[in-house]
Amino acid sequence: ANGDFVMFVDPDDWIDSDLLEKLYEGQKTGDYDLVATMKSNATCDENGEILSFSPQHYKEREIIGKEFLRNEFLEMMKNGVIGAPTNKLYKMSIIKEHGVDFPPLRRSQDIVFNYRYYNCIDSIKFLSYSGYNYRIELTNTIGRTKPDYYKTILFMYNDFQELYKSWGRQFPDNEICNFFFKVRLNTNLQRCVSKGWDIRSIVEEPTIHHIIEASSPNKITLKFLRFLLLGKHYRLIKFYLSIITQIKLKGLVKK
């Protein structure tokens, strides 16, 4: 990239013709280090036909100052700002100055890129606009992670600990564990069960076990999954996750 800014688009998604213009205009209103929009979810069948289309929007606002950004770190993870690098505008000067890059991970390297970039910035602008169209395939409701994805979870968990240490802040273990259990581990275990892969080595890895144990999910489905995992009821876990996957698929079809 040779310009002042960079934006990322996944090859199976598409953008509206005015997305870059909107991002650039938003950036220029305050020379923000990061400009973020939400995305529109497009659920598609195996032929690429759109079955449902649901635009999402942030409330337009800004966050300025490192301390305020660090206060919002967990919220940024939950609402997708520290997630995929798509539907955002980045400054090339910050990427180059701080050597922000994508690590050699099989999956979730984009998340790592985002929190590494987030650690270097002083301001964010949120736009109440959705011009990025994210394709969701019915055949891929539980992602493409492999059995060793738990190593990526360990990588990010340790990275988060180092981030909070560098900030001089107490590590919010419960909330971080909630995030990994709900968003990352749960989906990976569904993927493993659907492929017939063994999950015992994942669940019994000491740090993964700690993440499960330290989490306190609100949803009944996740509470029950946590109960089964801590009890190591592997046959029930496989049956339960298979049902959850089917329910998720049917929900997408109805939409």
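Every chain's residues receive numbers from 1 upward, in the order its sequence appears when written. Only residues with pLDDT of at least 70 are given local features in this predicted model, and only at 80 or more are side-chain atom pairs given and counted; all residues enter the totals for whole chains, interfaces and linings. In computing side-chain properties, one takes all heavy atoms of the structure into account and sets aside hydrogens as well as water.

1. Some thoughts on unusual backbone geometry
Even without being glycine, D31 reaches a positive phi, approximately 50°. Tracing the chain through its elements places D31 in the loop between helix 1 (19–28) and strand 3 (34–36). In this model, S108 sits at a positive phi of 65°, which is unusual for a non-glycine residue. Relative to the assigned elements, S108 resides in the loop between helix 4 (92–98) and helix 5 (109–118). Helical segments are the DSSP runs of H or I of at least four residues, strand segments are the runs of E of at least two, and each set is numbered from the N terminus.

2. Some points on the sheet that holds strand 2 (residues 14–15)
Strands sit in the order 2-9-4-5 across an open sheet of 4 strands; the sheet is mixed. A strand with exactly one partner marks an edge of an open sheet, and here the two such strands are strand 2 and strand 5 (50–55). The criterion for strand pairing is that DSSP finds at least two bridges linking the strands in question.

3. A word on the sheet that holds strand 6 (residues 61–64)
By definition, the strands of a sheet pair up through backbone hydrogen bonds, in either a parallel or an antiparallel sense. With mixed pairing, the 5 strands of this open sheet are ordered in space as 1-7-3-8-6. Each edge of the open sheet carries a strand with a single partner, namely strand 1 (5–6) and strand 6. Note on contacts: a residue pair is in contact if any heavy atoms of the two residues lie within 4.5 Å. In this analysis an axis means a line fitted to C-alpha atoms, helices contributing only their contacting stretch, and an angle means the value between N-to-C directions, from 0 to 180 degrees. Here helix 1 sits on the sheet in contact with strand 1, strand 3, strand 7 (88–91) and strand 8 (123–126), set at roughly 50° to strand 7. Its contacts with the sheet put helix 5 on strand 3, strand 7 and strand 8, and the angle it makes with strand 7 is roughly 55°.

4. Quick word on the pairing of strand 4 (residues 39–44)
Here strand 4 lies mainly inside the structure; 5 of its 6 residues are buried. Across 6 bridges, the pairing between strand 4 and strand 9 (residues 132–137) is parallel. Bridged to K39 within strand 9 is Y132. Summarising the sheet, strand 4 and strand 5 pair through 5 bridges and their orientation is antiparallel. From the neighbouring strand, C44 faces strand 5, where its bridge partner is I50. Joining the antiparallel neighbours strand 4 and strand 5 is a turn of 5 residues, in which G48 adopts a positive phi near 90°. Burial classes follow relative accessibility: with a 1.4 Å probe on protein chains only, a residue under 20% of its type's maximum area counts as buried, one over 50% as exposed, and anything between as partly exposed.

5. Some remarks on the nonpolar core
Grouped burial of nonpolar side chains is what soluble globular proteins tend to show. The definition of a nonpolar core used throughout is a set of buried Ala, Val, Leu, Ile, Met, Phe, Trp, Tyr and Cys residues joined through side-chain atoms within 4.5 Å. F73, Y115, I124, F160, F180 and I208 are the most contacted members of the largest nonpolar core, which has 63 residues in total. Top contributing element to this core by residue count: helix 6 (residues 149–167), with 10 residues. Setting aside residues no more than four positions away along its own chain, F160 makes contact with F73, M77, Y115, F171, I176 and F180. Listed in part, the 9 residues of the second largest apolar core include M7, Y32, L127 and Y132.

6. Things to note about the packing of aromatic side chains
Note on aromatic contacts: the rings of Phe and Tyr and the six-membered ring of Trp form a pair at centre separations within 6.5 Å, being stacked when their planes are under 30 degrees apart, edge-to-face when over 60 apart, and tilted otherwise. A complete count under the given rule lists 22 aromatic pairs for this structure. When the centroid spacing of 5.4 Å and the interplanar angle of 90° are considered together, the rings of F73 and F160 count as edge-to-face. Separated by 87 residues along the polypeptide, F73 in helix 3 (residues 73–78) and F160 in helix 6 bring together distant segments of the chain. Note on accessibility: F73 and F160 belong to one class, buried. Within the aromatic cluster, the residues linked to one another by ring pairs are F73, Y115, Y118, Y157, F160, Y164, W167, F171, F179 and F180. Sitting over a ring, as applied to charges here, requires NZ of Lys or CZ of Arg to be within 6 Å of the ring centre and within 35 degrees of the ring normal. Seen from the ring of Y134, K39 lies directly overhead, with NZ or CZ sitting 4.2 Å from the centre.

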